[in-house]
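Residue-level structural notes
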Amino acid sequence: MKHLVLGSLITLCGSFAFAEDAKNMRTFLFIGTPNSAAWEMQIANPGDRAATVKGGIEALGGKLLSYYWGFGNGKNYITVSLPDDPTFIQAFYLTRLGDGVLDDYQMIELMSSADMGTALERVSDVKAADDMK
């Protein structure tokens, strides 16, 4: 029982710390379509790319949340938390465009379900302000 209470307390404290950090972070989904050069490079040097990506993102003050490959479409799906700095986020995105290994690259900002609930509550306020124009 003591372990359960202690574990719950540690988890709760960690959740508060993450929630505080999350206020200064934004979450993104990056979807990449590797080209033939990228596939040749990966086949010649197989391995888990998440470890390499994680180190680079953490060195920039971010956090790798997940790294997946689409089975059947060959795309990679990477979710990251990045510091809330729009020019840094854009620079982060742009670094992949010039490396010549992607045919297509998308960046989508993700929103939590709780934040979407807050946004939905504000729709009537935005509509009312728009109607006043």
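Residues numbered from 1 in each chain as written. Predicted model: local features only at pLDDT ≥ 70, side-chain atom pairs only at ≥ 80, totals over all residues. Heavy atoms only, no water.

Topic: a nonpolar patch on the surface
How we decide: Residues form patches when they are more than 30% accessible in relative terms and have no salt bridge. Like charges link within 9 Å. Nonpolar side chains (Val, Leu, Ile, Met, Phe, Trp, Tyr) link within 5 Å. Residue-level accessible areas treat just the shown protein chains as cover; the underlying method is Shrake-Rupley with a 1.4 Å probe. Salt bridges are counted wherever a side-chain nitrogen of Lys or Arg sits within 4 Å of a carboxyl oxygen of Asp or Glu. Labels follow the DSSP assignment, with helices taken as runs of H or I lasting at least four residues and strands as runs of E lasting at least two, numbered in each case from the N terminus.
A contiguous nonpolar patch, built from Met-111, Met-116, Leu-120 and Val-123 and spanning about 380 Å² of accessible area, is present on the exposed surface. With respect to the element layout, Leu-120 can be found in helix 5 (residues 113-131).

Quick look at the sheet that holds strand 3 (residues 76-83)
Operational definition: A pair of strands counts as paired when DSSP detects no fewer than two bridges linking them. Note on definitions: angles span 0 to 180 degrees between N-to-C directions of axes, and those axes are lines fitted to C-alpha atoms, for helices only across the stretch in contact. Note on contacts: a residue pair qualifies if any of its non-hydrogen atoms lie within 4.5 Å across the two residues.
Strand order in this open sheet of 4 strands is 2-3-1-4, and the pairing throughout is antiparallel. Both outer strands of the open sheet, strand 2 (63-69) and strand 4 (102-110), are each paired with one neighbouring strand and no more. Geometrically, the sheet is characterised by an average inter-axis angle of 20° between neighbouring strands, direction not taken into account. Pairing between strand 1 (residues 25-34) and strand 4: 8 bridges, direction antiparallel. Looking at strand 4, one finds that Phe-30 is bridged to Met-107. Its contacts with the sheet place helix 2 (residues 36-44) against strand 1 and strand 2, and it is angled at close to 95° to strand 1. Of the strands in this sheet, strand 1, strand 3 and strand 4 are in contact with helix 4 (residues 86-97), which crosses strand 4 at around 160°.

What to know about helix 5
Spelled out, the test is: Expected helix span is taken as 1.5 Å per residue step, with the number of steps being one fewer than the number of residues. Here the bend at a residue is taken as the angle between two axes, fitted respectively to the seven residues that end there and the seven that start there.
Given a rise of 1.5 Å per residue, 19 residues ought to cover 27 Å, and the 27 Å separating the end C-alpha atoms of helix 5 matches this to within 8%. Of all the bends in helix 5, the greatest, near 35°, is centred on Arg-122.

With respect to the side chain of Asn-76
To keep things clear, this is the line we draw: Burial classes follow relative accessibility: with a 1.4 Å probe on protein chains only, a residue under 20% of its type's maximum area counts as buried, one over 50% as exposed, and anything between as partly exposed.
Tracing the backbone shows Asn-76 in strand 3. Its relative accessible area of 9% is what places Asn-76 among the buried residues. Not counting the four nearest positions on each side in its chain, Asn-76 is found in contact with Phe-30, Ile-31, Gly-32, Tyr-67, Tyr-68 and Trp-69.

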